[in-house]
Amino acid sequence: MNKDFISQIDWISYEEGGRKKIPSEGVRYCPLIRIGRAIGYDEWSIDFICPDFEETNLIKFRFLVDDAPC
């Protein structure tokens, strides 16, 4: 069951293991995300089309697996 979610995306710096350049508007992007928990975190793959990140940091995404958290 694919379900759309809205989330704020916070890019980490290249020095922290992030990208050198943020993807351009309209690019399909499928990164691993970290979902924080009280102890540790979980990583999940998501799929979204990049908005203009100079205008917003909100994305509409779907998880790439059916058993992802809701």
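Structural data are supplied above this passage.
Below you will find a few notes about this structure. Keep in mind that what you see is a predicted model, and the values were worked out from it rather than measured.

The subject of this paragraph is the environment of Glu55. Here Glu55 is to be found in the loop between strand 4 (41-49) and strand 5 (58-63). The class of Glu55 is exposed, set by a relative accessible area of 67%. As for Glu55 and Ile6, which are separated by 49 residues in sequence, their C-alpha atoms are 16 Å apart.

Below, the discussion takes up the packing of aromatic side chains. Inspection of every chain in the model, using the stated rule, returns 7 aromatic pairs. Summarising the aromatic geometry, the rings of Trp11 and Tyr29 are spaced 5.8 Å apart at their centres and angled 45° between planes, so their arrangement reads as tilted. Remark: Tyr29 occurs in strand 2 (residues 28-29) and Trp11 occurs in the loop between strand 1 (5-8) and strand 2; sequence separation between them is 18 residues. You can call Tyr29 buried: its relative accessible area is 16%.

Cut-off values and rules
Residues numbered from 1 in each chain as written. Predicted model: local features only at pLDDT ≥ 70, side-chain atom pairs only at ≥ 80, totals over all residues. Heavy atoms only, no water. Helix = DSSP H or I, 4+ residues; strand = E, 2+ residues; numbered from the N terminus. Buried < 20%, exposed > 50% of the residue type's maximum accessible area, 1.4 Å probe, protein only. Phe/Tyr/Trp six-rings, centres within 6.5 Å; stacked < 30°, edge-to-face > 60°.

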